[in-house]
Amino acid sequence: MNPSESVSVVITTYNRSNALLAVLAGLAQQSDRNFEVIVADDGSREEHRRAILESSAAHELRLLHVWHPDVGFTASQVRNLGVAA
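This section reports on the structure supplied with the text. Computed from a prediction, not measured in an experiment: that's the story for all the values here. (Residues numbered from 1 in each chain as written. Predicted model: local features only at pLDDT ≥ 70, side-chain atom pairs only at ≥ 80, totals over all residues. Heavy atoms only, no water.)

### Remarks on the nonpolar core
Of all hydrophobic cores here, the largest spans 11 residues; its members are I11, L20, L24, L27, A28, F35, V37, V39, I52, A57 and L61. Looking at this core, the elements that each hand over two or more residues are α1 (17-28) and β2 (35-41). Of all the elements, α1 adds the most residues to this core, at four residues. Each residue touching I11, except ones within four places of it in the same chain, is listed here: L20, V23, L24, L27, V37, I38, V39 and A40. (Core = buried A, V, L, I, M, F, W, Y, C linked by side-chain atoms within 4.5 Å. Buried < 20%, exposed > 50% of the residue type's maximum accessible area, 1.4 Å probe, protein only. Helix = DSSP H or I, 4+ residues; strand = E, 2+ residues; numbered from the N terminus. Contact = heavy atoms within 4.5 Å.)

### A word on the sheet that holds strand β3 (residues 63-67)
Pairing in this open sheet of three strands is parallel, and the strands run β1-β2-β3 from one edge to the other. On the outer flanks of this sheet lie β1 (7-13) and β3, each paired with one strand and no other. Here the average twist between neighbouring strands, direction ignored, is 20°. With seven bridges connecting them, β1 and β2 associate as parallel partners. Paired with V7 across the strands is F35, a residue of β2. Here helix α4 (residues 75-84) sits on the sheet and contacts β1, β2 and β3; the angle it forms with β1, its principal contact strand, is near 155°. (Pairing = 2+ DSSP bridges. Axes fitted to C-alpha atoms, helices over the stretch in contact; angles between N-to-C directions.)

Shown next, in the form of structure tokens:
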């Protein structure tokens with residue numbers, strides 16, 4: 001991969017802070033840091049969003065959190081929102 005190119009990692013989530021924080025911690029340990037992380041949130045509660053943004057791993061990563069309202073299981077819609085970001 002050309003060093004000027006970057007990769008976007010899109011992760012869908014819904015109110016599972018412990019699982020998402022484990023994924024973010026793993027990404028923060030990568031030696032090649034030429035990537036951004038987009039957390040595509042399928043309507044999680046405010047405390048989940050806070051846990052993401054306050055995590056130490058999130059502070060080490062180029063992270064963008066996109067969210068849409070909880071209207072049922074709409075993971076494909078929020079994944080598309082993440083890809084668009």
